[in-house]
2 protein chains.
Amino acid sequence: MSALLTQVHLQGPTTRAALTTTLGLNRSTIGDLTRQLEEIGLLVEVPPGEEPVVPGRRSGRPSLVVAPREDVTVLAVALDVDRITVAVVGLGGVVLDRRTRLHQRGEHDGERVAETVAQMCGELMALGLGSRLLGVGVSVPGAVRESDGMVRFAPNLGWTDVPFADLLATELRLPVVTANDADLGALAEHMRGAAVGADDVAYLSGSVGIGGGFFVRGLPLRGASGFAGEVGHVMVDSNGDQCRCGAVGCLETKVGENQLLAAAGRLPGGGPPAVAELIKAADAGDARAGQAVDGVAHWLGVGLRPVFALFNPEVVVLGGLLSQVFTARRTIVLEGLDPQSLISARDVLNIRPSSLGDDASLLGAAELAFAPLLAEPGRVDVDRPVAAQG
Amino acid sequence: MSALLTQVHLQGPTTRAALTTTLGLNRSTIGDLTRQLEEIGLLVEVPPGEEPVVPGRRSGRPSLVVAPREDVTVLAVALDVDRITVAVVGLGGVVLDRRTRLHQRGEHDGERVAETVAQMCGELMALGLGSRLLGVGVSVPGAVRESDGMVRFAPNLGWTDVPFADLLATELRLPVVTANDADLGALAEHMRGAAVGADDVAYLSGSVGIGGGFFVRGLPLRGASGFAGEVGHVMVDSNGDQCRCGAVGCLETKVGENQLLAAAGRLPGGGPPAVAELIKAADAGDARAGQAVDGVAHWLGVGLRPVFALFNPEVVVLGGLLSQVFTARRTIVLEGLDPQSLISARDVLNIRPSSLGDDASLLGAAELAFAPLLAEPGRVDVDRPVAAQG
């Protein structure tokens, strides 16, 4: 049941015939499992009206199309430095509706943010988009302890040891799960983005801070306490500035959004549109903007070096402004990396922009909230309200 | 059978009672498996004569002691920059005999080295220490392609694309398996050294070159093509010298044996004894030696930073000269790492010297050669000569 539900969740509407092939189960087993998942309200079977005719196809009973029930939903929350995004996401990974709100000045206090998020969630829940709401997944730009979801350290929010999942769960009376934004971006890119099918994945994403999420042998890299993948604090320049973390020359001090804007003589803030505008100005001949973009591209390359040296990744996915800069200045990034000097990079050099863009972490937060359902579809109690299932 | 054989191989002589508890199988199953493994000549059961009396122990049939058959052997080969070591290792991981020979000047040519190793192996085989020889495991100081054992790049031997396993197999007519020395050191420390029981392990070892081997979730980190863990080529100093690899400021240019000796005004070469002597001189007040050791300690700390940032390891094991320097200058290493600036290092800071010392890679090479037997003990054909089992 888990494998079948996951398949339909990731692939969308799928014929029974395709499920039979993909999952390696026989037709009657697929039929039984589909019926069970339909009974507990997770899938629907649609008659094969819209099915394309495949030439040369074996005759026989036409295969039904199995589709995810989009009214089975989660709330996905992405906390960014300047804004909060909340979305209702249906089974199948479809964003049904969303809200974005800028943080008010000084509104980074954990309890205040939890209140705001709860309010935004309430507005979306009032739309009645889902017949069933499983829970809430939250993406946080910081280090999240795996065991209990405690936000140990989120410097760009000014948080140290903020139990955000607990705060939000108390407000919403729903199960809340939390994880690091880059880990969730990596999860989403691995499930339905630029890293589908790859076992060894490095995901680096840049906005104000720089985050990293890794997959090793097809599983997320966690480390001893869930803090692995802190690529923003790998040193790239011994002569660099002191980082907020206290060390000198961290990647984050070189390729963060504010450093990029400052190097071009611009004010901080503005997010992806401001970066896009800067790259456009650079391409139009603005020398200072050009130098700023070139600089970030160079340091991104230098920062990729330890990633290749240590992980020998099958694919590197770049998100946020790193994706924008890589797309615009690929050659400079590769010069900084210097693949010829590393056997791993010489052998496999596969760097791609994110395919989910700025939604990667949000979609990853949704997947985090869907994960218990996908792992054990049969344990979902269809008659009890969601909040009691925690 | 695999679990029982592996347990006895790792733990040495073990009572049936202990095996029953550890493996969670009942007494009669343990008895059956032990008998089967005894029949195919991999274990022996010894009467409980030497067993210590445990006060308060339940009476009943005394438990037999199950021991590995040390006459089931492999040959383990460690290629180092200045020397070749070959050992006969018995089941249970016991080194039964060994030979070491220095490379002759210019004798790094792949075919010549294979001839020398084959000769050394022949001398050890002539001793008749094992009734059965399963194959050969080789540790190489370079990047080894996982798929076919091709040595892609071993700069300290001057090798590029040397099919050493094939060369040696042709000489010896035995199955030969090859892997990177640091990966094998990590394997041995994980199986029977300083990292037993840890799932997320970083192993860094230093001699002329610097190697790294990692475990993630209890499994070796390989990467897309087996080249993961190249910690020697992580940049630690933007102002540093150019490395043999072409890049600037690699860890290997800062903490390699020759750099350490040169910084103290000494000639290159000499291995662990030369390093030990240098540290002794530093401790006795030789200022130049002291500065050299302090410098290596500092850069080792800086090199550990990306390891903690990216892996959040449960334990870091240091081998070779890194172990010597860490033991002598722990405080300076930690200052270079600056754990307070990294959430992962603040949370789990567990750095240990190797417990297998300079034999780690050699013992890892033996484990590599034992691995097929441990995985499928029943597939070993006791009547056919080993060479035909390849």
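Residues numbered from 1 in each chain as written. Chains lettered and ligands numbered in written order. Predicted model: local features only at pLDDT ≥ 70, side-chain atom pairs only at ≥ 80, totals over all residues. Heavy atoms only, no water.

Where an unreviewed UniProt entry is consulted, chain A appears under the name ROK family protein, with the organism given as Nocardioides pocheonensis. We quote the UniProt Sequence similarities (unreviewed entry) comment for chain A here in full: "Belongs to the ROK (NagC/XylR) family." (UniProt positions renumbered as here; feature names shortened; annotations may be inferred.)

Undergrad: I tried to follow the relation of the copies chain A and chain B on my own but got confused; where do I start?
TA: The two chain copies are connected by a rotation around an axis plus a translation along it. In the superposition of chain A on chain B (RMSD 0.1 Å, axial shift 0.0 Å), the rotation amounts to 180°. In the structure described here, the two chain copies are related by an operation that fits a two-fold rotation axis. Relative to the rotation axis, the closest C-alpha in chain A is found at S238 of chain A, a distance of 2.6 Å. A high fraction, 100%, of the interface residues of chain A reappear at the interface in chain B, so the copies pair face to face through one surface. (Least-squares fit on C-alpha atoms with pLDDT ≥ 70 in both. Contact = heavy atoms within 4.5 Å.)

Undergrad: Could you clarify how one ought to interpret the side chain of S225 of chain B in this entry?
TA: Structurally, S225 of chain B is set in the loop between strand 14 (219–220) and helix 7 (252–255). According to the relative accessible area criterion, S225 of chain B is buried, its value standing at 11%. When sequence neighbours within four positions are dropped, the list of residues in contact with S225 of chain B reads N312, D347 and V348 of chain A together with R145 and E146 of chain B. (Helix = DSSP H or I, 4+ residues; strand = E, 2+ residues; numbered from the N terminus. Buried < 20%, exposed > 50% of the residue type's maximum accessible area, 1.4 Å probe, protein only.)

Undergrad: When you look at the environment of L362 of chain A in this model, what are you seeing that I'm missing?
TA: Residues and elements named next belong to chain A. As for its position among the elements, L362 is in helix 14 (residues 360–375). Taking relative accessible area as the criterion, L362 reaches 2% and is therefore assigned buried. Spatially, the C-alpha atom of L362 lies 28 Å from that of R266, the residues being 96 residues apart in sequence. Among all residues touching L362, those that are not within four sequence positions of it are A76, V77, A78, T85, A87 and R98.

Undergrad: Just to check I follow, could you spell out the pairing of strand 9 (residues 151–154) of chain A for this structure?
TA: A regular strand places its side chains on the two faces of the sheet in alternate fashion. All names here are of chain A. Where strand 8 (residues 143–144) and strand 9 come together, two bridges link them in antiparallel fashion. Following the sheet pairing, V144 is matched in strand 9 by V151. Between the end of strand 8 and the start of strand 9, which pair antiparallel, lie six residues, with G149 showing a positive phi angle near 75°. Sheet topology places strand 9 next to strand 10 (residues 159–162); three bridges connect them, and they run antiparallel. By the bridge assignment, V151 is partnered in strand 10 with V162. Between the antiparallel neighbours strand 9 and strand 10 lie four residues, among them G158 with a positive phi of about 75°. (Pairing = 2+ DSSP bridges.)

Undergrad: What exactly am I supposed to notice about the interface of chain A and chain B here?
TA: Accessible area lost when the parts come together is the quantity often used to give the size of an interface. Listed as interface residues are 48 residues of chain A and, on the opposing side, 48 residues of chain B. Of all residues in chain A, R217, L310 and I343 of chain A give up the largest surface area on contact with chain B, accounting jointly for 19% of the area buried on that side. Summed over the shared surface of chain A and chain B, the result is two salt bridges. Note that D347 of chain B and R152 of chain A form a salt bridge whose closest N and O atoms lie 2.9 Å from each other. In this structure, the connection of chain A to chain B is made through 24 residue pairs in polar contact (both at pLDDT 80 or more). A total of six residues in the side of chain A that touches chain B trace back to one element, the largest contributor, which is helix 10 (residues 287–311) of chain A. (Buried area = accessible area lost by both parts, 1.4 Å probe. Salt bridge = Lys/Arg side-chain N within 4 Å of Asp/Glu carboxyl O. Polar contact = N/O pair within 3.5 Å; in protein donor to acceptor, adjacent residues only side chain to side chain.)

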